[in-house]
Amino acid sequence: MSRALCLSLLLAAAMPAFSGELLVGNKSADTVWRLSLDDGRKLGEFATRQAPHEIAVSHDGGIALVANYGSRETPGNTLSVLDLRGGKPTRTIDLGRHGRPHGLRFLPGDREVLVTTEASGQLLRIDLASGRIVAEIAMGEGRGHMVAVSADGKTAYVSKIDRGTISRVDLDRNAKTAEVAAGEGAEGLAVRPGSDEVWVGNREAGTLTVHDARTLALRKTLPSPGFPIRVAFTADGRHALVSNARAATVAVFDAKRKKAVATIALAREGAEYRDTLLGRAALPIGVIADPKRPRVYVAISGGDEVAVIDRKTWKPIAYWKTGREPDALAWSLRAD
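Procedures and definitions
- Residues numbered from 1 in each chain as written.
- Predicted model: local features only at pLDDT ≥ 70, side-chain atom pairs only at ≥ 80, totals over all residues.
- Heavy atoms only, no water.
- Helix = DSSP H or I, 4+ residues; strand = E, 2+ residues; numbered from the N terminus.
- Polar contact = N/O pair within 3.5 Å; in protein donor to acceptor, adjacent residues only side chain to side chain.
- Contact = heavy atoms within 4.5 Å.
- Phe/Tyr/Trp six-rings, centres within 6.5 Å; stacked < 30°, edge-to-face > 60°.
- Buried < 20%, exposed > 50% of the residue type's maximum accessible area, 1.4 Å probe, protein only.
- Pairing = 2+ DSSP bridges.
- Axes fitted to C-alpha atoms, helices over the stretch in contact; angles between N-to-C directions.
- Core = buried A, V, L, I, M, F, W, Y, C linked by side-chain atoms within 4.5 Å.
- Salt bridge = Lys/Arg side-chain N within 4 Å of Asp/Glu carboxyl O.
- pLDDT = per-residue confidence, 0-100.
- 1 Å grid on protein atoms, 1.4 Å probe; cavity = no way out; pocket = protein on both sides within 12 Å on 5 of 7 lines; lining within 4 Å.
- Points joined across faces, edges and corners; volume = space filled by probe spheres on them.
- Nonpolar A, V, L, I, M, F, W, Y, C, P; charged D, E, K, R; others polar.

**Student:** Go over the side chain of Arg-203 with me, naming the residues and quoting the values.
**Tutor:** Checked against the element boundaries, Arg-203 lands in the loop between strand S17 (197–202) and strand S18 (207–212). A distance of 2.7 Å separates a polar atom in the side chain of Arg-203 from a polar atom in the side chain of Glu-187. For Arg-203, the contacting residues outside a window of four places in its chain are Ile-161, Glu-184, Gly-185, Glu-187, Phe-227 and Pro-228.

Structure below.
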């Protein structure tokens, strides 16, 4: 046996094996399911508070946070903290007067998290260990919905559906520094990895807008018809993925060239879909790219399933069962 082969075998034996899980927030079931990324089988389930809307996972993969939005009649005001390694909820963070938590992001280091609260119009900065609110950042008129964070953790971006805007927040000063028009119904947003761009999905306008991350100046407007509701990127920043809820498609864009390269139809002929906010429909919402495999996962809210898309062909290859009304998706890596 060669020395190189021996060294490779020793390194492989010394390194832990890793596998991933897909976390699915089921809004009407008040649960988060854990699905195997190998075959979609259910590995576990967490109970949350009412109507879990968004999920964020710590960078080390050990903790997930869930925003409990509440019902139409009763606003929620809590975050569920889930121990992904222990497989159980650990505690609930009470946000007090700050109702309707929605967008969530961990800051680098995993000590603090950001959450938008629609009822109070704030972006909250929360110490995870204590659950204490360390900063309340006023977002001004309108309701902040989704939040994205720059790679260095110094800047946050917040979309407002009712105002059709994107805001920039300086996290060194804990203050909003700019707010500009994006498009009617601005909702989904993401920072493109390795770039100085923020992309926004404007659902009523049927567009994507690309903004300068420092000034929020508009760089490009792209059509994405059919209610673009979420935006995500592949880990290398090469492709932008946009779920178009009314059209029941995922649009794929070459992020560097700012050009559409594929449209993936997700509604299946003969499938039974239930009533949703947009009628009886498939209603894809959450979308996420697997950083380890050439796959994309899309929550089919009206069908209680997740579509698995092959990134080599840009076609669905499987549909995995979920709980009632899946919406938020998150990815977690764990050592076996």
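**Student:** Now, about the packing of aromatic side chains: what can you tell me, with residues and values included?
**Tutor:** Scanning all chains against the criterion turns up two aromatic pairs. Ring plane angle 90° and centroid distance 5.4 Å describe the contact between Trp-199 and Phe-233, whose orientation is recorded as edge-to-face. Here Phe-233 lies in strand S20 (residues 228–233) and Trp-199 lies in strand S17, a separation of 34 residues in the sequence. An identical accessibility class is assigned to Trp-199 and Phe-233; each is buried. Ring geometry for Tyr-297 and Trp-320: centres 5.7 Å apart, planes at 35°, overall tilted. Highlighted residues: Tyr-297 in strand S27 (residues 295–300) and Trp-320 in strand S29 (residues 315–321), separated in sequence by 23 residues. Judged by relative accessible area, Tyr-297 falls into the buried class, the value being 0%.

**Student:** Report on the sheet that holds S18, specifying residues and quantitative values.
**Tutor:** With antiparallel pairing, the four strands of this open sheet are ordered in space as S16-S17-S18-S19. The outermost strands of the open sheet, each flanked by one partner alone, are strand S16 (186–191) and strand S19 (218–223). Neighbour-to-neighbour, the strand axes of this sheet turn through a mean angle of 20°, independent of strand direction. Pairing between S17 and S18: six bridges, direction antiparallel. The partner of Asn-202 across the bridge, within S18, is Thr-207.

**Student:** How would you summarise the nonpolar core if you had to cite specific residues and measurements?
**Tutor:** For soluble globular proteins, nonpolar side chains are generally found buried alongside one another. Counting residues in each nonpolar core, the largest one holds 18 residues, and the members touching the most others are Leu-266, Val-296, Val-298 and Trp-314. Of all elements in the fold, only strand S22 (249–254), strand S23 (259–265), strand S26 (284–289), S27 and strand S28 (305–310) reach the threshold of two or more residues within this core. Among residues more than four places away in sequence, those in contact with Trp-314 are His-239, Leu-241, Val-252, Ala-262, Ile-264, Val-296 and Ile-309. Within the second largest apolar cluster, 14 residues are counted, among which are Leu-79, Phe-106, Val-113 and Leu-128.

**Student:** Tell me about the pattern of salt bridges, and name the residues and values.
**Tutor:** For the structure shown, the criterion picks out 28 salt bridges. With its nearest N and O atoms 3.6 Å apart, the salt bridge here joins Asp-162 to Arg-143. Of this pair, Asp-162 sits in the loop between strand S13 (155–160) and strand S14 (165–170) while Arg-143 sits in the loop between strand S11 (133–138) and strand S12 (144–149), and the two are 19 residues apart along the sequence. Classification of Arg-143 as partly exposed rests on a relative accessible area of 44%.

**Student:** For the confidence of the model for the chain, give the residues involved together with the corresponding values.
**Tutor:** Residues of the chain with pLDDT of at least 70 account for 93%, and the chain-wide mean is 93. Considering only residues more than four positions removed or in separate chains, one finds that residues 1–17, a stretch of pLDDT under 50, has six contacts.

**Student:** I'd like a description of the side chain of Ser-150, backed by residues and values.
**Tutor:** Inspection of the secondary structure assignment puts Ser-150 in the loop between S12 and S13. Among the polar contacts listed, one links the side chain of Ser-150 to the backbone nitrogen of Lys-154, at a separation of 3.4 Å.

**Student:** Please provide a residue-by-residue account of the layout of surface pockets, values included.
**Tutor:** Considered as a void within the structure, the largest pocket measures approximately 1,500 Å³ in volume. Residue lining of the largest pocket: 49 residues in total, with His-59, Arg-105, Val-191, Phe-233 and Ile-288 positioned closest to the centre. Mapped by element, the contributors of at least two residues to the lining of the largest pocket are strand S4 (52–57), strand S8 (101–106), S12, S16, S20, S26 and strand S30 (326–335). For the lining of the largest pocket, the residue count by class is 29 nonpolar, ten polar and ten charged. A volume near 930 Å³ is recorded for the second largest pocket. If you trace the second largest pocket, you find 34 residues lining it, with Lys-27, His-53, Tyr-69, Arg-72 and Leu-277 closest to the centre. Of the residues that constitute the lining of the second largest pocket, the class distribution is ten nonpolar, nine polar and 15 charged.

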